[in-house]
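# Analysis of the macromolecular model
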Amino acid sequence: MRTDVTTKELMACVMARDLEDGLGVPVGANLPVPRAAVLLAHLMHGPNMLVLLSWTRANLVDVPELRPFEFITDWRAAQWGESYWAHDDGFLNMKQRANWIFYVGGIQIDQYGNSNLLGVGDDYSRLKFRGPGGVGTGNMAAFTNRYYLYSQVHNPRVFVPKVDFISALGWGEGPGTREKWRLPGGGPRYCYTPLGVFDFEPETKRMRIKSVHPGVTVDDVVAATGFELVIPDEVPTTPAPTDEELEILRTRVDPTGMLRS
């Protein structure tokens, strides 16, 4: 991999490759790497993607440069808007449309892909650490046909055997959990971190190493994870960004270099 490529840029490119044309994707501003991935996919191979920036519907294929915005309510995100979706209407549309995806982070993520954005502690009324809250992640995890987990750090405090609270249900306690609760969505597909890409073993629904990023070893990942991962016999290295991906990422999606800081 080129020495000038950052881990954030690598992650954005890898994430973009799994997004096909025609998807509906709400894009938040507080996760700059997933945001960059969605916009990169839209510009490279997804001209018919339904991209929602702060709930404004936009097609950005012909926009030469996408200046960053800071928060989901930042008015600058609406400068490309073609129409506006009311929040509740947006969720109703997601129930009716099969090809919605989204990204969710977590102050804790466990071996079954359950995510916790509520807080850390045994007693909800007296948390040791309070998170930002689940916002709409519970609904999104229930209704979208698949979603992706993302963490900006990878250590045993984030990747725990069992989350203290669930704000976005992954595979619950394993096979059959989502069916038990009659959830129509497909559950988490991949988890992206600065160390690698992870999927979920089909039979057990436990997190499995899919690839490790350049310069990272399987032992590094194991040491940084608070539970036992499923480890295949052969673990590939995450493919590096192409020159075309980097050109579009740096000149149109991330012109201010947020992913290079």
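Sequence order as written defines the numbering, with residues in each chain counted from 1. For a predicted model such as this one, the threshold for reporting local features is a pLDDT of at least 70, and the threshold for listing and counting side-chain atom pairs is 80 or more; totals across whole chains, interfaces and linings nevertheless cover every residue. Calculation of side-chain values draws on the structure's entire complement of heavy atoms; hydrogens and water are dropped beforehand.

### So, unusual backbone geometry
Backbone geometry at Arg182 places phi at a positive 55 degrees, although glycine is not the residue there. To qualify as a helix, a DSSP run of H or I must reach at least 4 residues; to qualify as a strand, a run of E must reach at least 2; elements of each kind are numbered from the N terminus. Here Arg182 shows up in the loop between α5 (177-180) and β11 (188-192). Not every positive phi belongs to a glycine, and Lys205 is a case in point at roughly 65 degrees. Among the secondary structure elements, Lys205 is positioned in the loop between β12 (196-200) and β13 (207-212).

### Looking at the packing of helix α2 (residues 32-44) against helix α7 (residues 243-253)
For any two helices packed against each other, one specifies the inter-axial angle together with the distance between the axes. Direction vectors running N to C along α2 and α7 enclose 110 degrees, while the axes themselves pass 10 Å from each other. Of the possible angle classes, the one that applies to α2 and α7 is roughly perpendicular. Here α2 runs over α7; the crossing is right-handed. Residue-level contacts link Arg35, Ala36, Leu39, Leu40, Leu43 and Met44 of α2 to Glu244, Glu245, Ile248, Leu249, Arg252 and Val253 of α7. Working convention: axes come from line fits to C-alpha atoms, limited for helices to the stretch in contact. Angles between N-to-C directions cover 0 to 180 degrees. Roughly parallel here means an angle under 35 degrees, roughly antiparallel means over 145, roughly perpendicular means 65 to 115, and every remaining angle is called oblique. In this scheme the crossing of two helices becomes right-handed for a clockwise turn of the near helix relative to the far one and left-handed for an anticlockwise turn of less than a right angle. Note on definitions: a residue-residue contact is assigned when non-hydrogen atoms from the two residues lie within 4.5 Å.

### With respect to the pairing of β13
Here is the key point about a regular strand: its side chains alternate between the two faces of the sheet. Whether two strands pair comes down to DSSP finding at least two bridges between them. Sheet analysis places β12 next to β13, joined by 5 bridges and oriented antiparallel. Bridging from a neighbouring strand, Gly196 pairs with Val212 of β13. Between β12 and the antiparallel strand that follows it, β13, lie 6 residues; Lys205 among them carries a positive phi value of about 65 degrees.

### A few points about the nonpolar core
What tends to happen in soluble globular proteins is that the nonpolar side chains get buried as a cluster. Here the nonpolar core consists of buried residues drawn from Ala, Val, Leu, Ile, Met, Phe, Trp, Tyr and Cys, with membership extended through side-chain atoms lying within 4.5 Å. Note on exposure labels: buried denotes an accessible area under 20% of the residue type's maximum, exposed denotes more than 50%, and partly exposed covers the range between, all computed with a 1.4 Å probe on protein chains only. Met15, Leu19, Tyr103, Tyr192, Leu249 and Val253 are the most contacted members of the largest nonpolar core, which has 37 residues in total. If you list the elements that add at least two residues to this core, you get α1 (7-17), β1 (24-27), α2, β2 (50-53), β10 (147-150), β11 and α7. Per element, the largest residue contribution to this core is 8 residues, and it comes from α2. Apart from residues lying up to four places away in sequence, Tyr192 is in contact with Met11, Val14, Met15, Asp18, Tyr103, Tyr148, Leu149, Tyr150, Ser151 and Val197. Core analysis: the next-biggest nonpolar cluster, separate from the first, contains 25 residues, Val104, Phe159, Leu195 and Phe200 among them.

### As for the side chain of Glu9
By the secondary structure assignment, Glu9 is in helix α1. Aside from chain neighbours lying at most four places away, what touches Glu9 is Asp4, Pro241, Leu246, Leu249, Arg250, Leu259 and Arg260.

### Notes on the pairing of β2
Burial along β2 is two-sided: Leu50 and Leu52 facing one way and Val51 and Leu53 facing the other are all buried. Sheet analysis places β1 next to β2, joined by 4 bridges and oriented parallel. Across the sheet, Pro26 pairs through a bridge with Leu52, a residue of β2.

### Here's the deal with the environment of Asp110
As for its placement among the helices and strands, Asp110 is situated in the loop between β6 (108-109) and β7 (115-116). Judged by its relative accessible area of 2%, Asp110 is buried. In this structure, the C-alpha to C-alpha distance between Asp110 and Met207, residues 97 residues apart in sequence, is 8.3 Å. Residues contacting Asp110, with those up to four places away along its chain left out, are Val160, Pro161, Lys162, Val163, Met207 and Phe227. Of note is the side chain of Asp110, whose polar atom sits 3.5 Å from the backbone nitrogen of Val163. Any pair of N or O atoms that falls within 3.5 Å is considered a polar contact. Within protein, one atom must be able to donate a hydrogen and the other to accept it, and sequence-neighbouring residues count only if both atoms are side-chain atoms.

### Re α2
Here a helix's expected span is defined as the number of its residues, less one, multiplied by 1.5 Å. With 13 residues, α2 extends 18 Å between its outermost C-alpha atoms, agreeing within 8% with the 18 Å of an ideal straight helix rising 1.5 Å per residue. Burial analysis of α2 places 12 of its 13 residues in the buried class, which makes it a mostly covered element. Three or more residues of α2 are buried, namely Pro32, Val33, Pro34, Arg35, Ala36, Ala37, Val38, Leu39, Leu40, Ala41, His42 and Leu43. Residues of α2 that are buried in the fold lie against α1, β1, β2, β5 (103-104), β10 and α7.

### What to know about the side chain of Thr144
Structurally, Thr144 is set in the loop between α4 (137-143) and β10. Here Met140 takes part through its backbone oxygen, which lies 2.6 Å from a polar atom of the side chain of Thr144. In contact with Thr144, not counting residues within four places along its chain, are Trp100, Ile101, Phe102, Gly185 and Gly186.

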